[in-house]
Each structure stands twice: as structure tokens, then as C-alpha cells.
Amino acid sequence: MRRSKRLAAVTLSLTALLLLTGCWDIKNIQDMNYVTSIGFDYADNEYRVYVQMLDFISVAKVESGKPSQHVPVWVGTGKGATVIEAVNDLYQTSQVRVFYGQVSSIVVSERVMNKGLRDIQELQNRYYELRFTPWVFGTTMPIDKLFAVTPLFHLSPIISLLHQPMESYRQKSTITPITSREFITNYNEPDQVVLLPSIRATAERWKQDTSPHEVLDINGAFVYQDGQYQGWLSERKLIGLRWIDPKTSRSPLVVYRDGQPEAAVSLEAPKIQIRPIVKGNSAAYEVSVKLSGNISDIVRAIKETELEAEVAARVRNEIRETFVNGLQINSDLLQLQHTLYRTNNKEWKRLKREGNLKLMPDSLADIRVDVQLNNAGKLKYPAASR
């Protein structure tokens, strides 16, 4: 009996040891480098890969309260004739395993756009750790300097435009952030325009005490159509896109008269309808936009109906200006041709085959804008102007 008990104990111990061996290769969190952002550049006939890494122990401390000290950011660089070779070069000095499962943003330089994105897309397809959910940006500035920019109040770099662009966009909608999945989905769509938000660092707006402090800013977009890079446009030249994008959450608009501000409004939730009209060997387009919003500020007494008409006129002008700005780089920023492709594919194919699909300034036949201002918030709208 005693012998059988000993045998049972030994058997149980061996079984437990065998089960434990499955956990021996598990890495502790401090034994890995976690990449939060990855960037790609091309210079001197070689690719350059940049990674931004954070100490997640420091991030955890930050989340429990505002830090009193700067949260460090680590930026790594790899170089090579191919993207894969540049990534492998990065591993040479990474000290421990690099993990890409936490990447929340991808940045591509304009030099890479001019060369082509095929190698970058190939890397994303091969590395199973890289998901298709990260935000995607373009830039003209050195990516290592961009990755080193930290937010206000010594907060974690995760709390920034690079990783959380929707927070700012919901408050002021101008250029819509785009994920890797959305970019890849629309990249090769016929006559589809895809905008890659342009991100930069600027010290023009904020100071820490009296010292300028660099923060991130989206100042324009890189334009793609039919999978081809068309060029860069500033935020000002793209200003009308906010009125034809259903994702627009809230965007301000100031109405002027004789060069002086008259009122400020906040518009939201645009409802857009594009109607292609094909006649013979040409196509024209009518755009209808419905906007609702609130009155933010009143400088001069004005009738509410008159204000709505002036706001509608401003919106109409901004949409047309943006359309013309797109034509200057051979781009259909309003997605007029793609709408024809979707709604009347037979005519789209015919015009494309005959070479009659090209947009001209008068291709945008009409823009109808309807604005409904609901209230003035805490402001009391002048009774005499109703």
C-alpha cells in the first residue's frame, strides 16, 4: 500500500512537470520591445524604417494620474535596399524581441509615395502581427523627429494625433483620419480618390511657460486616385471636403460681410447626394448638401433666414473651390466620377473607353446647399432679427 502511494505521488509530480513545460517560452512584458508606430522613408537609394516604442510600465503610471516628469519615447532606425532588409537591420540592435501587435499608426514619407507603396503593402501582408486597424498618415518631415514629439502636460505619447486622431476630429472636422484597412480598400477602386492625412510637428501654437513646445498637426493631405499619387494639397485647399463627407462631426464656419465677421456657426452631419447627368459624349454632375447646426456667435444683428442663406453661399463656394483645386492636380476630390461608376456603370465604361470622362470646371453643373440652424446654444438670438 505504501509503495503504491509513493508511485502515485511520483506519477502526479511528473505529470505536473510535463504540463508546466508549455509555459517555459512565455515572454514577460518587460522582455519585449512594443512598437506603437512605424514609419517608412526612402533616401540615398535605400529604405529607412523607423519605429516608435514606449515603456508600457511608464504608460501605466501615466494612466493613474498626470506625470510630473517627461515620459520617454524610444525611436529606432533600420536601413536597407528593401523594406524587409531595413526591418532586419533594426533587429540587429533591438536587444530583445520586437513586437508589432500594438502598432496604432503608420507614417509614410512623400519620397516613398513617389516611389510607390507596393513594398510597404507587401510588408504589412507578410507580418501577421501588423493589423489593418492602425491610422495611416503621410509626412514631408523627418519621421524620427515626428516620432519624438510628445503631448502637453508630459502625458503619454499615445494621447496624441498620431494614435488618437478622432478625438480632435470630433471637435473640429476638417480632414478625415483614415485607417490602413480603409486606405487599402479604396486604393485601387476605379476613379476613387483617397486622402492620406498629412501630419507634421509645429511649435507655432503652444508654449511651456515661455518656451515653444512642439505638437502634432494635420495640415493637409496627400491625394491618390486610381492607385496613383497625384500630389499634396493644404488644408485650406481642401476646406470644402468637410461639407461633402458624411463622417463630418462638427466644423466651424465664420460668415463675413464687407471684410468684417458677422456671425459664427457650427455645422454638422452633412447629408450628400450626387446626381450624374450623362448627355451624349459628356457627363455633368449636380451636388446637393443638407446641413444642420448651431449659432456659435453673433457679431451683428441679422435675420436667421438671411444668416442661413449666407452660410449656404459660403459652403457652396468652398465646395466649388475645392473641386477646382483638385482639377489642378488631376484629381476628382468630390468623387463625382466614382459616383457615376457606382450608379451608371455602363455609361461610365463607355465614356472611359471614348476618353470623354475627364472633368472640366463646368462639369460641376450645380451645387444646392440647404442649411438649418437650430439654436444659438447659451446665446440668445436677437429677437428683432428673427
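Before any of the text, the structure's been laid out above.
Summary of the structure given here. (Residues numbered from 1 in each chain as written. Predicted model: local features only at pLDDT ≥ 70, side-chain atom pairs only at ≥ 80, totals over all residues. Heavy atoms only, no water.)

Some thoughts on the overall build of the protein
Piece 1. Of regular secondary structure, the protein possesses 11 helices and 15 strands.
Piece 2. The buried share of the protein, reckoned over its 386 residues, is 46%.
Piece 3. Of all intrachain contacts in the protein linking residues separated by at least 6 positions in sequence, the fraction that spans at least 24 positions is 71%.
Piece 4. If you sum the accessible surface of the protein, you get close to 21,500 Å²; carbon and sulfur atoms cover 51% of it. (Helix = DSSP H or I, 4+ residues; strand = E, 2+ residues; numbered from the N terminus. Buried < 20%, exposed > 50% of the residue type's maximum accessible area, 1.4 Å probe, protein only. Contact = heavy atoms within 4.5 Å. Areas by Shrake-Rupley, 256 points an atom, 1.4 Å probe, with all protein chains shown as cover.)

Here's the deal with the nonpolar core
Piece 1. If you look at the biggest cluster of nonpolar residues, it comprises 59 residues, and the most contacted ones within it are Leu267, Leu307, Val311 and Val315.
Piece 2. In terms of residue count, helix H9 (residues 304-327) provides more of this core than any other element does, 7 residues in total.
Piece 3. One finds Met53, Ile106, Tyr127 and Ile178 within the second-largest nonpolar core, a separate group that totals 33 residues. (Core = buried A, V, L, I, M, F, W, Y, C linked by side-chain atoms within 4.5 Å.)

Examining the side chain of serine 37
Piece 1. Take serine 37: it is sitting in strand E1 (residues 32-43).
Piece 2. Residue classification places serine 37 among the buried residues on the basis of a relative accessible area of 0%.
Piece 3. If we skip the residues at most four places from it in the chain, serine 37 touches Tyr50, Val51, Gln52, Val103, Ser105, Val107, Phe147, Leu162 and His163.

Describing the environment of arginine 316
Piece 1. By the secondary structure assignment, arginine 316 is in helix H9.
Piece 2. Assessed through its relative accessible area of 30%, arginine 316 is described here as partly exposed.
Piece 3. Considering only alpha carbons, one finds arginine 316 and isoleucine 367, 51 residues apart in sequence, at a separation of 6.3 Å.
Piece 4. Each residue touching arginine 316, except ones within four places of it in the same chain, is listed here: Ile367 and Val369.

Digging into the environment of aspartate 226
Piece 1. In this fold, aspartate 226 is placed in the loop between strand E10 (215-225) and strand E11 (228-234).
Piece 2. When residues no more than four places from it in sequence are discounted, the contact partners of aspartate 226 are Tyr187, Glu189, Pro190, Asp191, Gln192 and Lys352.
Piece 3. Separated by 2.5 Å, the side chain of aspartate 226 and the backbone nitrogen of aspartate 191 make a polar contact. (Polar contact = N/O pair within 3.5 Å; in protein donor to acceptor, adjacent residues only side chain to side chain.)

Examining the side chain of serine 251
Piece 1. On the secondary structure map, serine 251 appears in strand E12 (residues 251-257).
Piece 2. For serine 251, the side chain forms a polar contact with the side chain of arginine 242, separated by 2.8 Å.
Piece 3. Contact partners of serine 251, with chain neighbours within four places excluded, come to Ser173, Arg242, Trp243, Val265, Ser266 and Leu267.

Topic: the sheet that holds strand E13 (residues 260-279)
The strands that make up a sheet pair up through hydrogen bonds in the backbone, lying either parallel or antiparallel.
Piece 1. With mixed pairing, the 4 strands of this open sheet are ordered in space as E12-E13-E14-E15. Either end of the sheet is taken by a strand with one partner, and the two such strands are E12 and strand E15 (364-373). Neighbour to neighbour, the strand axes of the sheet diverge by 40 degrees on average, direction disregarded.
Piece 2. Examined bridge by bridge, E12 and E13 share 7 bridges and lie antiparallel to one another. If you follow tyrosine 256 over to E13, its bridge partner there is proline 261.
Piece 3. The sheet strands contacting H9 are E12, E13, strand E14 (282-298) and E15, and the helix crosses E15 at an angle near 145 degrees. (Pairing = 2+ DSSP bridges. Axes fitted to C-alpha atoms, helices over the stretch in contact; angles between N-to-C directions.)

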